[in-house]
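Observations on the three-dimensional arrangement
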Amino acid sequence: MKNIAVLLVFLMFSNLVLFASTPLDSGSISGRVIDSKSNEALPYVNIIIKSQSGELITGGITDQNGIFEISKIKETLFIVSIQYIGYKTLNKEVNLSQGTNILDLGTLVLEEDQTALDEVTIIAETSSIQQKVDRKVITIGKDLAASGTASELMVGIPSVSVDPQTGDISLRGNTNVRVMVDGKLSNIPTAQLLKQIPSTAIKSIELITNPSAKYNPEGMSGLINIILHKNTMLGFNGNFSMGLSYERTAKFNSALTTNYRNGKFNVYANYSNNISENKNHGAIQRPENNSKQLFKFNDNTKNHLIKFGVDYYINDKHTLSIFTNQNKSDYKNDGESNAIYANNHSLDQTQLWLDNGENSTSQYNFDYKINFDDDGHNIEFEIDHNTYSSNGIADFSYPVGSSTDYIDLNKTNRKRTILNLDYANPFNENSKIELGLQANLFNSLIGYASTGDTYDISGSLVPTPSSDFDYTRNIYSLYGNYNKKIDKWSY
């Protein structure tokens, strides 16, 4: 009998151990998060489930009523971490089993963190999309920020396309789009500008597909506004990033951002560069005349961008800002194109070209802003002056074929000055009024000269004439917008 009793105890203990070690099929937890002082529900609180070693397992957020429910939990013993900005983190150990795989944690109370910093900089871990009344806002997390430059990052943005060869950008299939940085336009060519901005410096991207009169849309498909991180911590701080990618050729970019904040002044200086080489080749078959065209071309670009600025916080309501952007770019392109006619080789033609040039851009910006008591209620005066100049020489030669060699000389100078006075007043969450005055002064001078010849209407060769194109446009305007949202509709 004694041996039988010992055997029964051993079997019972074995079953208990086996049951305890059996993985949980699927468990769930739920609860409600409130504020310790007001007892009001806290929406959008992060509920993070971690293993005892600290590894992330899963998570979720509370709804408008502070309620959360997380299911499909495989672990039996874990830690629930409740985290919310401005509140102390609450950690709770939870033990689920096959018998109690559904657990209500009840009401969880969060206390305010009195030691929290007055100002914090938040960098999202994962990207998110928020649809607002007049724009779509994509917050850039680490999953997108690791892509290198803004040009490479744009490939992953919905509705945005980037030409892999030229770097030109389009919004919803239309290339008639403007790109702004922190709400400021620049004379820097868009493809060049996007290669200059490191993706790690981007906080969010705004897609304004239906821009109001405030942005001078002029029939555009929309605006893309790149919002950069603002570093305004006290004292001196900086950040350095570098990226290198290699496929057939190497592409290198780096960025250095520095910042000094002391009392009423914030001084910053940034430098970024992009050095890349690209090789492309292809073929075009034309069966109608039994011919084909082979082409290959290379391009080398070096871009450098420097930004320096000062913010003066006069008081809580008044801010004065001044900054300048200086951009320098050098490029060298060369290539070869061969047209081959199988039925008549006398028509064969080979073209070689070499294109060298440089361009520089300068931007000077003055901004004075007054904030009123209501959030979003402000008046702002801005002066923005841009200059752009470029010089290029393109040499075309034809070692095979009857075409004549020639050289093109191109020169461009542009100047633009914009003066803005804008007023915005959100009456409430569902209505807003915007008023403004603007002077837009623009001048462009394009010079062209060629050493080649062209045919006139009689078929004779004549020298290609040089030309200068001088264009000036000054616009003085005012605008008024009223925005209203009713339930799910807005106008």
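All values reported here derive from a predicted model rather than from experimental measurement.

Before going further, it helps to spend a moment on the nonpolar core. With 24 residues, the main nonpolar core has M154, I157, I169, I202, I205 and I224 as its most contacted residues. For this core, the elements supplying multiple residues, two or more each, are α3 (150–153), β10 (160–162), β11 (169–171), β12 (177–181), α4 (190–196), β13 (202–208) and β14 (222–228). Contact partners of I169, with chain neighbours within four places excluded, come to M154, V160, S161, V162, T175, V177, V179, T190, L194 and I224. Within the second largest apolar cluster, 18 residues are counted, among which are L42, I47, F68 and I82.

Before going further, it helps to examine the pairing of strand β18 (residues 291–313). Relative to β18, strand β17 (residues 265–286) runs antiparallel, the two being bridged by 22 bridges. Bridge pairing in β18 links A269 to F308. Taking the residues that link successive antiparallel strands as the turn, the β17-β18 hairpin has four residues, and the phi of N290 there is positive, at about 55 degrees. The pairing of β18 with strand β19 (residues 318–341) spans 23 bridges and is classified as antiparallel. Each bridged residue has a counterpart across the sheet, and for K292 the counterpart in β19 is I340. Following β18, the chain reverses through four residues before pairing antiparallel with β19.

Moving on to the sheet that holds strand β2 (residues 46–50). The antiparallel open sheet is built from four strands, whose spatial order is β3-β2-β5-β6. Each having just a single partner strand, β3 (56–61) and β6 (90–95) make up the two edges of the open sheet. Adjacent strand axes in the sheet meet at a mean angle of 20 degrees, parallel and antiparallel pairs treated alike.

As for its placement among the helices and strands, S272 is situated in strand β17. Residue S272 is classed as buried on the basis of its relative accessible area of 8%. Those residues within four positions of S272 in sequence are excluded, and the remaining contacts are Q196, P198, S254, A255, N303, H304 and L305.

Let us now look at the packing of aromatic side chains. Per the stated rule, a full pass over the model turns up six aromatic pairs. Taking the centre distance of 4.7 Å and the plane angle of 15 degrees together, the rings of F265 and Y312 count as stacked. Here the residue F265 occupies a position in strand β17, and Y312 occupies one in strand β18, the gap between them amounting to 47 residues. Ring geometry for F469 versus Y471: centroids 6.3 Å apart, planes at 5 degrees, classification stacked. Relative accessible area serves as the criterion here: at 48%, F469 is assigned to the partly exposed category. Through a chain of ring-to-ring contacts, the aromatic side chains of F442, F469 and Y471 assemble into a single cluster.

Definitions and cut-offs
Residues numbered from 1 in each chain as written. Predicted model: local features only at pLDDT ≥ 70, side-chain atom pairs only at ≥ 80, totals over all residues. Heavy atoms only, no water. Core = buried A, V, L, I, M, F, W, Y, C linked by side-chain atoms within 4.5 Å. Buried < 20%, exposed > 50% of the residue type's maximum accessible area, 1.4 Å probe, protein only. Helix = DSSP H or I, 4+ residues; strand = E, 2+ residues; numbered from the N terminus. Contact = heavy atoms within 4.5 Å. Pairing = 2+ DSSP bridges. Axes fitted to C-alpha atoms, helices over the stretch in contact; angles between N-to-C directions. Phe/Tyr/Trp six-rings, centres within 6.5 Å; stacked < 30°, edge-to-face > 60°.

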